[in-house]
Amino acid sequence: MSSTFLPVEEQLAVIRRGTVEIIPEEELKSKLEKSRQSGKPLRIKLGCDPTRPDLHLGHSVILRKLRQFQDLGHHAILIIGDFTTLIGDPTGQNKTRPALTPEEIKKNGESYFKQASKILDAEKTEIVYNSEWLGTMGFADVIKLAGHMTVARMLERDDFSKRYTNNEPISLHEFLYPLAQGQDSVHLKSDVELGGTDQKFNLLVGRQLQKDVGQAPQICLMMPLLVGTDGTQKMSKSYDNYIGIDENPNDMYGKSLSIPDDLIYTYFELLTDVATEELPKLAEKAKQDPRNAKHDLAFTITKMYHGEEAANAAREHFEKTIINKGIPDDMPEHKLNVGEEYQLIPLIKDIGFAPSNGEARRLVQQGGVSLNGETITDTNFMFSIHTGDELVLKVGKRKFIKLIG
RNA sequence: GGGGAGAUUCCAGAGCGGCCAAAUGGGGCAGACUGUAAAUCUGUUGUCUUUCGACUUCGCAGGUUCGAAUCCUGCUCUCCCCA
């Protein structure tokens, strides 16, 4: 096993793909060389925050990088940040987040890992919970740890300095987060820590703490923050510009298509396994023929998570419903009682296509609702169904349901 | 410890004691258009109600008033300045 490491330059080529910065790259090189000689894999650390259990393609960028390290034969460690979560989220500003119970955190952590397993080699991933070592530290330990950092350095951090100049509150304990994360690196003796560019500060703190205690400092590897489907902000659930890993094939395909054209290349580079040598060609195609390039992208992404068959189906579904404004082959069904008079508006709400009757009414008034292809604008519309009937209710552009008698 | 400013609907941010469910922008949703769920344009955006209207909402709790997001009192939280 130990002698199967690729030559260092080849490893570096894989590692470099998509990275923004490797600090310091020379040191990584020598670590790789040593590892290759000794046959000892590098310890690659990635921390995750189990507050939000829904992973999207933005997370996948970094998880894929971890996977690449795995494929190169290195040891992946996934830290579930249960301890840090238990205390609260540092970037939560003044929102008092309801502290999650340990059970919830555990559950989220498991759900996180389950989703991450679609990308990682789960068998070869070491999962650790940082409460294990952070939770046993005493106050004196914490103060000692805090002594490694100065306020001035803390305020260098981008989000802190922004909040500070914007007169937004910063709680003292938030300063401890980078230290806690750094302590993880010390505890795990990590060789490399992965993170988004927004993690640069935290990763460097880990590096410094390791140095301070006489460990070989970790390499910090930063991946770009994936820009979301809106083309401007980073992909995030709260901006609603995300494509979820667990998302159904149709949504995944459709959302992938909605990205701005100039993101096509980036998505191929960061989210797919398309060979690195192919990327320049794809960049060219994205310019010449963005429509097809984007369909290729959407297909590739959907295929990665759902398989080829589902990806094909998703493409057909998209063409049928969005391009040709038809109705899809498959849609959920909803049984209605034969002979009963149904009011359209409450029905839309009951099905869950609108959160309130008022919203449902608005949809009807604005021409967003059709029954069997006929747009219905009468807010009083009532109908009943017969045995064996199938009525297709369409709400908005892409919500379909088959009403059956 | 002292002084000052502030807390408004998803976010930002207006708001004269009645015409405020609350300007404006962003976001969301819908329609048109489009290769796209992009861009652009239009409409819409508390809940219930076909309409009229009713109800809940402007940090929390009380109070003044025929009537309060707007006035008063207390509380909680945040920011700034000084120490």
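These numbers were taken from a predicted model, which means no experiment stands behind them. (Residues numbered from 1 in each chain as written. Chains lettered and ligands numbered in written order. Predicted model: local features only at pLDDT ≥ 70, side-chain atom pairs only at ≥ 80, totals over all residues. Heavy atoms only, no water.)

Considerations on unusual backbone geometry
A cis geometry characterises the amide bond from I23 onward to P24, with omega recorded as -20 degrees. One non-glycine residue, D240, lies in the positive phi region at around 55 degrees.

Some details on the protein's contact with RNA strand B
Lining the immediate environment of RNA strand B, one finds 28 residues, of which P169, L257, S258, N357 and R398 sit closest. With respect to RNA strand B, the side chain of K294 contributes an N or O atom lying 3.1 Å from a base nitrogen. Contact distances for RNA strand B include 3.2 Å between a sugar or linking oxygen and a side-chain N or O atom of N380. Every element with two or more residues in the surface near RNA strand B is listed here: α12 (249-257), α15 (290-306), α16 (308-323) and α18 (357-365). Counting residues per element, the surface near RNA strand B draws most heavily on α18, which supplies six residues. Per-class residue counts for the surface near RNA strand B are six nonpolar, 12 polar and 10 charged. (Near = heavy atom within 4 Å. Polar contact = N/O pair within 3.5 Å; in protein donor to acceptor, adjacent residues only side chain to side chain. Helix = DSSP H or I, 4+ residues; strand = E, 2+ residues; numbered from the N terminus. Nonpolar A, V, L, I, M, F, W, Y, C, P; charged D, E, K, R; others polar.)

Quick notes on the pattern of salt bridges
Opposite charge on two side chains lets them pair, provided their charged atoms get close. Applying the stated rule across the entire model yields 22 salt bridges. The residue D273 makes a salt bridge to R64 at a minimum N-O spacing of 3.1 Å. Taken together, the residues span a long stretch of sequence, with D273 in the loop between α13 (264-271) and α14 (279-288) and R64 in helix α3 (residues 57-71) at a distance of 209 residues. One salt bridge connects D121 with K124, and the closest N-O pair in it is separated by 3.8 Å. Taking the relative accessible area as the measure of exposure, D121 reaches 19% and is therefore buried. (Salt bridge = Lys/Arg side-chain N within 4 Å of Asp/Glu carboxyl O. Buried < 20%, exposed > 50% of the residue type's maximum accessible area, 1.4 Å probe, protein only.)

Topic: the side chain of T229
Following the sequence through the fold, T229 ends up in the loop between β6 (219-223) and α12. Beyond its immediate chain neighbours, meaning those up to four positions away, T229 contacts N241, Y242, I243, K255, S258, I259, P260 and Y267. (Contact = heavy atoms within 4.5 Å.)

Looking at empty space enclosed by the protein
This model, assessed by the stated rule, comprises one cavity of 30 Å³ or more. If you add up the space inside the largest cavity, you get close to 50 Å³. Sorting the residues of the lining of the largest cavity by element identifies α3 and α13 as the ones contributing at least two each. Top contributing element to the lining of the largest cavity by residue count: α3, with four residues. Looking at the lining of the largest cavity, its residues break down into three nonpolar, one polar and four charged. (1 Å grid on protein atoms, 1.4 Å probe; cavity = no way out; pocket = protein on both sides within 12 Å on 5 of 7 lines; lining within 4 Å. Points joined across faces, edges and corners; volume = space filled by probe spheres on them.)

As for the sheet that holds strand β4 (residues 125-129)
What the six strands build is an open sheet, ordered β1-β6-β5-β2-β3-β4; its pairing is mixed. In this open sheet, the two strands that pair with only one neighbour each are β1 (21-23) and β4. Strand-to-strand twist in this sheet, taken as the mean axis angle between neighbours without regard to direction, amounts to 25 degrees. Relative to strand β5 (residues 192-196), strand β2 (residues 43-48) runs parallel, the two being bridged by two bridges. In the sheet register, K45 faces β5, and the bridge partner there is E193. Here helix α11 (residues 200-212) sits on the sheet in contact with β1, β5 and β6, set at roughly 170 degrees to β6. (Pairing = 2+ DSSP bridges. Axes fitted to C-alpha atoms, helices over the stretch in contact; angles between N-to-C directions.)

Nothing here speaks to function; it is all geometry.
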